[in-house]
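Given next are the chains, with one letter for each unit.
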Number of protein chains: 2
Amino acid sequence: MLTVSTVNVNGLRAAAKKGYLEWLAATGADVVCLQEVRAEPGQLADEVRDPEGWHSAHAHSAVKGRSGVAVLTREQPTAVRVGFGVEEFEHSGRYVEVELTGLVVGSLYLPSGEVGTERQDEKDRFMAAFLPYLVELREKAAADGREVLVCGDWNIAHRQADLKSWKTNQKSAGFLPYEREWLGSVFESGYTDVVRALHPDVEGPYSWWSYRGKAFDNDSGWRIDYQVASEGLAARAETAVVERAATYAERWSDHAPVTVEYRD
Amino acid sequence: MLTVSTVNVNGLRAAAKKGYLEWLAATGADVVCLQEVRAEPGQLADEVRDPEGWHSAHAHSAVKGRSGVAVLTREQPTAVRVGFGVEEFEHSGRYVEVELTGLVVGSLYLPSGEVGTERQDEKDRFMAAFLPYLVELREKAAADGREVLVCGDWNIAHRQADLKSWKTNQKSAGFLPYEREWLGSVFESGYTDVVRALHPDVEGPYSWWSYRGKAFDNDSGWRIDYQVASEGLAARAETAVVERAATYAERWSDHAPVTVEYRD
DNA sequence: CGTACAATG
DNA sequence: CATTATACG
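In the annotation of an unreviewed UniProt entry, chain A is listed under the name Exodeoxyribonuclease III Xth and assigned to Actinosynnema mirum. Within the UniProt record for chain A, the comment given under Sequence similarities (unreviewed entry) is "Belongs to the DNA repair enzymes AP/ExoA family."

Now the structure itself:
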């Protein structure tokens, strides 16, 4: 069995002080994808950057304290690639991928936006550039006999079942019609939304709750963290859970880990 | 008896959460001078800005989160004046004074500097401008039959006895020869350093300890908070203490209150 | 080392 | 509501 977790840690240094390391020590995952590390490798304590028993591949942003993604693997990767070949995003700390046996795993932190801002324009440009890359990646991996898994915070809820307050958020960044369509086009290009495929008929499970108000207590969340798998891998998915409880005792992120087990 | 306290609170909002309000409720002072309020009045909770049983006069900086001084009095002032008439410092939140019966009390936050920086130039300009004001203030108050008391963080240690590490700080801002001479000229212009006058032969008592390292535990401090009184008032000073213990249990500032009792 | 701000989410 | 950066002290 291959177990993969993905979680936006909202600042790895802060998360490490509050419970992330205990979660990591207890997880049975073989691969962990992290987003919003928000630190350069040199700013991280050794046991946070390279935890005992893991290989780690980090991609940080040129802007200090922003974004930052990583992939932790129990197996030593045969290759690590930072970015996806589009100049604007090469040093933005938004994508890193590693090659494992029969598998390419990417950790993605898609830009978050606000309607009418330059941040949203950046998100739009990222989406436009990333879709062709996904297609190309799948084709190249297939030629090498590898499946593809892109985990991360996509900052888009796909459908009404993917956020509690869908009615009031129809004009909100992250649930705009064109963003939803774009994510749909990802799922139509040979990739599967693994959690939704295993749980087609439920609301959620949400993976992000605002720190404001009582969003977490009321489970007023969004499902914006996905495991997006090529079809061969998606067919092997057996269980999928959002580890909401992982952040119960002391909440160490506003996101919860999304964990999937794939048959060998 | 007239009891006056002065304390640099290093952020009144933070101090209020950590013990300042309890200290204020317990103090027997008639007048309390505050420095480094670091908030506009509108940013302060009512009970912090205008504590029950006190009249308050605030002067905040045009730059948010910087400086800010206040005077709390049990007696209602007959006048409140912000600044000392020098344009550069009129909106800097560094000086406010109130008129009481037979007394003018000012709360001063003299700029802190670093050798070779524009901040130090600003400190120099402030010193140059403030000394003539002190002379004028004393003369005008005398004509009205009032004594003068200027309390605050002067950001200068006068003599070797006024800081623990005087040997290693001879080229440090706050203990530069010309700063010490300037403060000496204040004390020669008809004002008295009340705490030193009552305790001429002791090291300290220090009123500020860096938050860095073990400065507080080692009493490696500086005496930079003064009560500077006109001669008639200085002659009435009976006791002077630095309330180091006030910040023991939970340290609510890097400075401690300096409290003096004056006979009626 | 700690309090503020600002930007980001 | 939280993390981070930076300025200031």
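What exactly am I supposed to notice about the side chain of K123 of chain B here?
Residue and element names in this part refer to chain B. The residue K123 is located in helix α4 (residues 118-143) in this model. Residue classification places K123 among the buried positions, given a relative accessible area of 1%. For K123, the side chain forms a polar contact with the side chain of E179, separated by 2.9 Å. K123 has contacts with L110, P111, S112, G113, N155, I156, A173, G174 and E179, leaving out every residue within four places of it along the chain.

Which parts of the structure should I look at to understand the protein's contact with DNA strand C?
Among the 20 residues in the neighbourhood of DNA strand C, the closest are listed as R119 and R212 of chain A together with A14, K18 and R38 of chain B. Here the atoms of DNA strand C within 4 Å of the protein split so that 81% fall in sugar or phosphate, with bases taking the remainder. Measuring from a phosphate oxygen of DNA strand C, one finds a backbone N or O atom of G11 of chain B at 3.4 Å. In terms of residue count, the dominant contributor to the surface near DNA strand C is helix α1 (residues 12-18) of chain B (four residues). Of the residues in the surface near DNA strand C, the class split is four nonpolar, six polar and 10 charged.

Which parts of the structure should I look at to understand empty space enclosed by the protein?
The rolling of a water-molecule-sized probe over the atoms marks out the regions of remaining empty space. Applying the stated rule across the entire model yields one cavity of 30 Å³ or more. Per-class residue counts for the lining of the largest cavity are two nonpolar, five polar and four charged.

What's the story with the sheet that holds strand β12 (residues 258-262) of chain A in this structure? I'm lost.
Pairing between sheet strands relies on hydrogen bonds along the backbone, with the strands arranged either parallel or antiparallel. Residue and element names in this part refer to chain A. Spatial strand order, β3-β4-β2-β1-β12-β11: six strands in an open sheet with mixed pairing. The open sheet terminates on both sides in strands that have one partner only, identified here as β3 (55-59) and β11 (237-242). This sheet shows a mean twist of 15 degrees between the axes of neighbouring strands, independent of strand direction. In this structure, strand β1 (residues 2-8) lies alongside strand β2 (residues 31-35), joined through five bridges in parallel fashion. Each bridged residue has a counterpart across the sheet, and for N8 the counterpart in β2 is Q35.

Looking at this structure, how should I read the UniProt feature "site: Transition state stabilizer" (unreviewed entry) in chain A?
Residues and elements named next belong to chain A. Sites flagged by UniProt as "site: Transition state stabilizer" (unreviewed entry) map to N155. In this fold, N155 is placed in the loop between β8 (147-153) and α5 (177-188). Beyond its immediate sequence surroundings of up to four residues, N155 is in contact with Y109, L110, P111, S112, K123, G174 and I224.

Please explain the pattern of salt bridges as it appears in this structure.
Where charged atoms from two side chains of opposite charge come close, those side chains can pair. Residue and element names in this part refer to chain B. Summed over all chains, the structure comprises 30 salt bridges over all chains. Salt-bridge contacts for R125 lead to E118; the nearest nitrogen and oxygen are separated by 3.1 Å. You can call R125 partly exposed: its relative accessible area is 33%. The class for E118 is partly exposed, based on a relative accessible area of 48%. Across the pair K123 and E179 runs a salt bridge whose closest N-O atoms are separated by 2.9 Å. Placement of the pair is K123 in helix α4 and E179 in helix α5 (residues 177-187), with a sequence separation of 56 residues.

Help me understand a positive patch on the surface in this model?
Residue and element names in this part refer to chain A. A contiguous patch of positive charge on the surface is contributed by R13, K17, R38, K64 and R66. Along the chain, K64 turns up in the loop between β3 and β4 (69-73). By relative accessible area, which is 59% here, K64 ends up exposed.

Just checking my understanding: could you explain the protein's contact with DNA strand D for this structure?
Taken together, 19 residues surround DNA strand D, and among them K18, R38 and Y211 of chain A together with R119 and R212 of chain B come closest. The share of sugar and phosphate among atoms of DNA strand D within 4 Å of the protein is 80%. Within the side chain of R13 of chain A, one N or O atom sits 3.1 Å away from a sugar or linking oxygen of DNA strand D. In the model, a base oxygen of DNA strand D is placed 2.6 Å from a nitrogen or oxygen of the R212 of chain B side chain. Taken together, the residues of the surface near DNA strand D sort by class into four nonpolar, five polar and 10 charged.

What is the right way to look at the sheet that holds β8 of chain A in this model?
Residue and element names in this part refer to chain A. A sheet is described by the order of its strands in space; here six strands give the open sequence β5-β6-β7-β8-β10-β9, paired in mixed fashion. Looking along the sheet, the strands with just one partner apiece sit at the ends: β5 (79-82) and β9 (191-193). Mean inter-strand twist for the sheet, computed between neighbouring axes without regard to direction, equals 20 degrees. Across seven bridges, strand β7 (residues 103-109) lies against β8 in parallel orientation. Looking at the pairing, Y109 lines up with D153 of β8. Across the face of the sheet, helix α4 (residues 118-143) comes into contact with β6 (95-100), β7, β8, β9 and β10 (225-230) while running at roughly 155 degrees to β8.

Calculation criteria
- Residues numbered from 1 in each chain as written.
- Chains lettered and ligands numbered in written order.
- Predicted model: local features only at pLDDT ≥ 70, side-chain atom pairs only at ≥ 80, totals over all residues.
- Heavy atoms only, no water.
- UniProt positions renumbered as here; feature names shortened; annotations may be inferred.
- Helix = DSSP H or I, 4+ residues; strand = E, 2+ residues; numbered from the N terminus.
- Buried < 20%, exposed > 50% of the residue type's maximum accessible area, 1.4 Å probe, protein only.
- Polar contact = N/O pair within 3.5 Å; in protein donor to acceptor, adjacent residues only side chain to side chain.
- Contact = heavy atoms within 4.5 Å.
- Near = heavy atom within 4 Å.
- Nonpolar A, V, L, I, M, F, W, Y, C, P; charged D, E, K, R; others polar.
- 1 Å grid on protein atoms, 1.4 Å probe; cavity = no way out; pocket = protein on both sides within 12 Å on 5 of 7 lines; lining within 4 Å.
- Points joined across faces, edges and corners; volume = space filled by probe spheres on them.
- Pairing = 2+ DSSP bridges.
- Axes fitted to C-alpha atoms, helices over the stretch in contact; angles between N-to-C directions.
- Salt bridge = Lys/Arg side-chain N within 4 Å of Asp/Glu carboxyl O.
- Patch = residues over 30% accessible without salt bridge, like charges linked within 9 Å, V, L, I, M, F, W, Y side chains within 5 Å.
- Areas by Shrake-Rupley, 256 points an atom, 1.4 Å probe, with all protein chains shown as cover.
- Lys, Arg positive; Asp, Glu negative; His and termini not counted.
- Charge placed at Lys NZ, Arg CZ, Asp CG, Glu CD.

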